[in-house]
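Here is what each chain is made of, one letter per residue.
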Amino acid sequence: MHPSPARRPRLLSPSRSSRLLLAALLLVVAALVAAGCGGGGSDDTSSDVASEDGPLAWLPANSWAIARVSIDPKQIDESIDTLDRLPIWDLASAALPAKDGTGLRAALLGQIAKELPGKQTGGDLEDAFGNEAGVAITSNDVNALGNLSDGGSSNVPIAAWLQVDDESAVDDVLDSVFTNVETHSSKGVDYSTGTVDGDQVAWTTSGDLLLLAPGAKQLERLIATHDGDQSLAQDDDARRALDGAFDGAPISIAVGTDALIDAGATFAEGDSSDSSDGALGDDGSDTRARLARVLRTSSVDAIVPDWIGMSATIDETGLRLRTTWSNPRSLATPDVGSRALVERMPADTEVASGTVNDGSAIERVQDLWADVSKEADVEIADLTEKCPANATKLCAAAVTTLEWILEDDQLAQDAADSDPTATVVVQSLSGTVTRTIASVTAPTPATAKGPAIEVATTGDNLSSLAGAQGAKVPTKVTAALAAAGLTITTSADGLSVTAKVAPASELGRLLTAELTPGDAAALAATGFDALKLLTSSGLTLSAKRVDDLVVATFPPGATSTIAAAVASKADTLADDDGYTDTVDAVDPPKEVGMYAWIDLPGAVDDILTGLSGTSPAIKRIQPTVANNLDPVPGALGWTTRTKVDGEDLGVAEFVLPIVK
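Residues numbered from 1 in each chain as written. Predicted model: local features only at pLDDT ≥ 70, side-chain atom pairs only at ≥ 80, totals over all residues. Heavy atoms only, no water.

> Go over the state of the cysteines, please, and point to the residues and values.
Tallying each qualifying case throughout the model produces one disulfide. Across the disulfide, C387 is cross-linked to C395 (sulfur-sulfur distance 1.6 Å). Its S-S torsion of approximately -120 degrees makes the covalent link between C387 and C395 left-handed. By relative accessible area, which is 17% here, C387 ends up buried. With relative accessibility at 18%, the residue C395 sits in the buried group. (Disulfide = S-S within 2.5 Å. Buried < 20%, exposed > 50% of the residue type's maximum accessible area, 1.4 Å probe, protein only.)

> Which residues make up the nonpolar core, and what values go with them?
The biggest cluster of nonpolar side chains holds 37 residues, and the ones touching the most others in it are L125, F129, V170, F178, W203 and L210. Of all the secondary structure elements, the ones that give two or more residues to this core are α2 (73-83), α4 (101-115), α5 (122-128), β2 (129-137), β3 (158-164), α8 (167-177), β6 (199-206) and β7 (209-213). Leaving out residues up to four positions away in the same chain, V170 has contacts with A128, F129, V164 and L210. Core analysis: the next-biggest nonpolar cluster, separate from the first, contains 27 residues, L59, A213, A216 and A233 among them. (Core = buried A, V, L, I, M, F, W, Y, C linked by side-chain atoms within 4.5 Å. Helix = DSSP H or I, 4+ residues; strand = E, 2+ residues; numbered from the N terminus. Contact = heavy atoms within 4.5 Å.)

> Can you tell me about the pattern of salt bridges, naming the residues and giving the values?
This structure, assessed with the given rule, holds 12 salt bridges. Among the ionic pairs, E126 bridges to R105, the shortest N-O distance being 3.9 Å. You can see E126 sitting in helix α5 and its partner R105 sitting in helix α4, a full 21 residues away along the chain. A cluster of three or more residues bridged by salt bridges with shared partners is formed by D315, R320, R322 and E653. (Salt bridge = Lys/Arg side-chain N within 4 Å of Asp/Glu carboxyl O.)

> Before we move on, can you summarise the packing of aromatic side chains with the specific residues and values?
The final tally for this structure, using the stated rule, is two aromatic pairs. Note on F178 and W203: the rings are 4.9 Å apart at their centroids and 25 degrees apart in plane angle, and the pair reads as stacked. A residue pair is termed long-range when its members are at least 10 positions apart, and F178 in the loop between α8 and β4 (179-186) and W203 in strand β6 qualify at 25 residues. W203 matches F178 in its accessibility class, with the two residues each being buried. (Phe/Tyr/Trp six-rings, centres within 6.5 Å; stacked < 30°, edge-to-face > 60°.)

> Could you give an account of the layout of surface pockets, naming the residues involved and the relevant values?
Approximately 1200 Å³ is the volume found for the largest pocket. S463, V473, I488, T490 and V497 are, among the 38 residues lining the largest pocket, the residues nearest its centre. Those elements that provide at least two residues to the lining of the largest pocket are α16 (392-407), α19 (475-484), β14 (486-490), β15 (496-501) and β16 (539-546). (1 Å grid on protein atoms, 1.4 Å probe; cavity = no way out; pocket = protein on both sides within 12 Å on 5 of 7 lines; lining within 4 Å. Points joined across faces, edges and corners; volume = space filled by probe spheres on them.)

What follows is the structure, given as structure tokens:
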């Protein structure tokens, strides 16, 4: 269904019946978030999203957004027990209407009952409904979403579901909320309709689910989906990603990117009257049509997951954020050892994030660009057409460099042929914050200690940091950069790179004119002194070999903290109590793609220490902040694969344990 070229989608403006479908769900979500409640644990009272009578069996394949909440009292109690380890929880819990999961659930349902029309009470809702609720946008049709005001609520492709405990009690609640209740049938399924303020809502019960939709038309669409073979329950990618994200979590959201991309392409194809001069090609080209072709390329499909699911949980360990995605394609080789590399970092590391690279990223980017440039009918060289007169050499250099990165097969081959590498970035949050404040205040509030950022890689030289180990920069690229004013010199061992900018060149004049003292100070705070580029010595980035690693520091020349730990002259994270306590609580997998450690209490304390010298107020609150963070030893995040029905599912997790 293509939108009419003569009209544009309007902003969604829900009618009262649509708001009624969402009211209970939004109230539950808001209350859970405000209270910090809801945990993982047992999912005995949860409906199976992909079962024969689960929500996915009723949702059409082009559904693209699903949200689910649970108010299981057992889960809430588990969360409260975990949060109770934080000293500050006493203050938060004092504002709650109840102290346990049963009481909080009753208070939430009581509030929902007040928001709905009719004479039902919170007790009536407790008798009628279980612990789960959900809502979905069941179509990617732009007109159906955007033209609500033209067709009323029956044109809104949304569906909601509630878990049923007592069907008779549910009927009583619905009879109280709706007027003009009538019964109907479609494909052998009985359903009812009712009105509120003249707007129609339709519903049916299936197993332990109450399904609701804004009008008979939308509900009959759900019934037809359940009766056919085009539901999300038959979509393996959707089912795996949703099951992975929804498993036991109280708050879950999932997005179907395939349906969104298809909607964008369909919208672009449906309105060819709007041209944008030169946006993706020559003047007068049909940009929308070109965009549609780009969105439908296999390269976009290869890079973008079909489904992405997200959930938040406070379980017996602590706060857990989880993301899952279908068709992960490639998570760089786990056995390169990003976790092992992170654990070799210094014991006092505030932030360390490790990644792995198998050399395939450049080829994937080039494949995507090949499809985009073909379907959009655009070439990199076209960029020079809009270059200002005083930057023609800069534009030429940019084009030459981009052509090398995006179109040079040899670059992709060199990267793919190189050995897989692991890289870790070690960052001092307190140092970065202190340097940033120092760059904009006077006098300096504190002196940052150590480098702001350090990078270590198992590769052979600095080029491995960019995932291009073994790649040779073509002469035409260096010549084009030099013509624009930039000269880059690399040492024979690849461990030192010096960049110089000729002050009288196009690039030099641009830097002199555009780089304000404030900009220069802000860059210097992050370890990049741009003004050194214009000096005769230039700006040099040097690395050194330490054991089997190549280590670089920012700002350049800062004393490395990694070197001593790697050389076994200082304790490592593997020896640190905060890190080991976090690992013991979280139990992360050993084989991961990305692995990140955050010493949250240490970083916060260091930041407050750096600021307390000029702020008595910060000095006063520092002990209180430290006391409240004492139960949190740190935080861990990682990416990995898991098998669901024999197929890979990408998983990213972030866990903040509360252990005392």
